[in-house]
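# Topology and contacts: notes
Here is how the chains run, residue by residue.
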Amino acid sequence: MRTIIEPFRIKTVEPIRMTTRQERERLLAAASYNLFGLHSDDVLIDLLTDSGTSAMSAAQLAALVSGDESYAGSPSFFRFEAAVKNLFPFKHVLPTHQGRAAEAILFSVLGGQGKNVPSNTHFDTTRANIESSGAEAFDLVIPEGLDPNSLHPFKGNMDTARLDAFLKEHGATVPCVMITVTNNAGGGQPVSLENIRATAAVAHKHGKPFIIDGCRFAENAYFIKLREKGHTSRKVEDIVRDMFADADGMTMSAKKDAFANIGGWLALNDDAMAQSARERLILTEGFPTYGGLAGRDLDAIAQGLKEIVDEDYLAYRLRTAAYIAERLEALDVPTVKPSGGHAIFVDARALLPHIPPLQYPGQSLAVALYLEGGIRSCEIGTVMFGLQSDGREIAAPMDLVRLALPRRVYTQSHADYVVEVFENIARDKRKMRGMKIVWQPPHMRHFSAKFAPL
Ligand SMILES: Cc1ncc(COP(=O)(O)O)c(C=O)c1O
């Protein structure tokens, strides 16, 4: 069949509220043109993030009811642990309340002043946890990963030659090598199995543990099935097992590829490292059989892990992003190519060349998407990265707007609606103006800065 349908029926619905343009004008002004300041029930299609926003299945909702809330030794934990180990055969699995808690625990053990941690591209919470331990984070993605027009099939790959050189130079200060699958901060681009294995080999040659940030492991495995030679007829579950076979540990946000609204874990093979991590876990998250989670959350994750490797779901998932990207390209709305797994990244700087980067074309586009159609997206550009620690402001390498796709939440007609809103915006794009910042905090300004239209 040509049409890839949503492989589910809808059993429970949540109405979304239509608003008028006039209402949206008022709501935007009240939020100082910062989309993080909107109330989510004033948003029609919420593409702010794919994190924690998945729709649970009937089986997950049923699993919530069988969650056991015992403080220690809950059967929910053992179901969670078995589901994790079924895909990722690590010796120790420590539940955490979300991904960044797993990172904080990992770097409380491995981080510290003078240490250096390389990855393809660290996600911002990973980078922040490394830096707050006193260590430094380094991104060594292949050059194609930084080119929005490169059609390389695995733009998330690690530059293993640079990694080898990095380890030769800094080896003594490197506590571990990381890789993020898919590479969220690099546009949700996948990493090939060959590259994961090569990265593990380089890390191990230098005697370093190899840790995978596995947030979108299933999307990455499906990209391997589609794009890497020799995997077309293999089961996604087996590809996942291969992806993690050479790793010494993983961090995970279950808010992504486990269909959970909250949760995560840290998994490790090394007994001594796991013992130190467990001590920290008790201090910051909770007893090792619940971490920062309720028993019902552990059961939702256990069930979600069975569902996420379903290939009909993954085909629909990846096709949704590709479908929106293709239709935007047909409207001459430029996107980062090829489309990633969890989001479409629109190149606002290329779409709005008359708006200089320091007038925030990405923010202008994000505001226009809300004004025109009630769509919430996220600027990933000069607003997010332009403010330097010395207070100077410089243009970010790119001004993008991310349309992140919550899992199993929206249908094709929602996708068509998003494209139609872009069509209206693109028609009048020359009339669009930039924005100025009228107030900002010293750090992470994108969350709370106040804007005014120019
Ligand atoms: C690649 C990656 N790593 C880590 C995290 C952090 O996970 P959490 O939001 O659950 O703390 C995220 C969240 O977006 C992510 O995308």
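Conventions and cut-offs
- Chains are numbered independently. Their residues run from 1 in the order of the written sequence.
- Owing to the predicted nature of the model, reporting of local features is limited to residues with pLDDT of at least 70; listing and counting of side-chain atom pairs is limited to 80 or more, with chain, interface and lining totals taken over all residues.
- Calculated side-chain values reflect all of the structure's heavy atoms, with hydrogen atoms and water omitted.
- Working definition: helices are DSSP H or I runs of at least four residues, strands are E runs of at least two. Numbering for both runs from the N terminus.
- The reference for a compact globule is 2.2 Å times residues^0.38; the radius of gyration itself is calculated from the C-alpha atoms.
- Burial classification: accessible surface area is computed with a 1.4 Å probe over protein chains only, and a residue below 20% of its type maximum counts as buried, one above 50% as exposed, and the rest as partly exposed.
- To measure how exposed things are, a 1.4 Å probe is used in the Shrake-Rupley method; for residues, cover is taken only from the protein chains shown.
- The charged-residue count follows a simple rule in which Lys and Arg add positive charge and Asp and Glu add negative charge, with His and chain termini not counted at all.
- Working definition for charges: the position is that of NZ of Lys, CZ of Arg, CG of Asp or CD of Glu.
- Throughout this description, a polar contact denotes any pair of N or O atoms lying within 3.5 Å of each other; where both atoms belong to protein, one of them has to be capable of donating a hydrogen while the other can accept it, and for residues adjacent in sequence the pair is counted only when both atoms sit in side chains.
- Whether two residues are in contact is decided by their heavy atoms, any of which lying within 4.5 Å being enough.
- We call a residue near a given molecule or strand whenever any one of its heavy atoms falls within 4 Å of it.
- All amino acids are sorted into three groups, where Ala, Val, Leu, Ile, Met, Phe, Trp, Tyr, Cys and Pro are nonpolar, Asp, Glu, Lys and Arg are charged, and the leftover types, Gly among them, are polar.
- Between any two strands, at least two bridges found by DSSP are needed for them to pair.
- Fitting a line to C-alpha atoms yields each axis, with helices limited to the stretch in contact; the angle taken between N-to-C directions then spans 0 to 180 degrees.

## Overview of the overall build of the chain
For the chain, the count of helices and strands is 16 helices and 14 strands. For 454 residues, the compact-globule formula gives about 22 Å, and the C-alpha radius of gyration of the chain, at 22 Å, lands near that figure. Structurally, the chain occupies a C-alpha span of about 60 × 55 × 45 Å along its principal axes. The buried share among the 454 residues of the chain stands at 57%. Accessible surface, the chain: about 19,100 Å² in total, of which carbon and sulfur atoms supply 54%. Of the charged side chains in the chain, 50 are positive and 54 negative; the average position of the first set lies 2 Å away from that of the second.

## Considering the side chain of glutamate 285
Assignment of secondary structure puts glutamate 285 in the loop between helix H10 (271-284) and helix H11 (295-308). A distance of 2.6 Å separates the side chain of glutamate 285 from the backbone nitrogen of histidine 97, its partner in a polar contact. With residues near it in sequence (within four places) discarded, glutamate 285 still touches Thr96, His97, Ala101, Ile105, Arg280, Tyr290, Gly291 and Gly292.

## Structural notes on the site of the ligand
The local shell around the ligand holds 15 residues, among which Arg100, Asn184, Asp213, Ser253 and Lys256 are the closest. Side-chain polar atom of arginine 100 to an oxygen atom of the ligand: 2.6 Å apart, as the coordinates give it. Protein chains bury 96% of the 390 Å² of accessible surface belonging to the ligand in isolation. Here the element with the most residues in the shell around the ligand is helix H4 (residues 99-110); it accounts for three residues. When the residues that make up the shell around the ligand are grouped by side-chain class, the tally is two nonpolar, seven polar and six charged.

## Notes on the sheet that holds strand E2 (residues 92-96)
The five strands lie next to each other as E2-E8-E7-E6-E5, forming an open sheet whose pairing is mixed. Only two strands of the sheet have a single partner each, and these edge strands are E2 and strand E5 (177-180). Across the sheet, the axes of successive neighbouring strands diverge by a mean angle of 15 degrees, strand direction being ignored. Strand direction decides the pairing type here: E5 and strand E6 (residues 210-213), joined by four bridges, are parallel. Each bridged residue has a counterpart across the sheet, and for methionine 178 the counterpart in E6 is isoleucine 211.

## What to know about the sheet that holds strand E9 (residues 343-347)
Read across the sheet, three strands follow the order E9-E12-E11 without closing on themselves; strand pairing throughout is antiparallel. Of all strands in the sheet, those with a lone pairing partner are E9 and strand E11 (378-380), marking the two edges. This sheet shows a mean twist of 30 degrees between the axes of neighbouring strands, independent of strand direction. In this sheet, strand E12 (residues 400-404) lies alongside E11 in antiparallel orientation, the contact comprising three bridges. What sits directly across from cysteine 378, in E12, is arginine 402.

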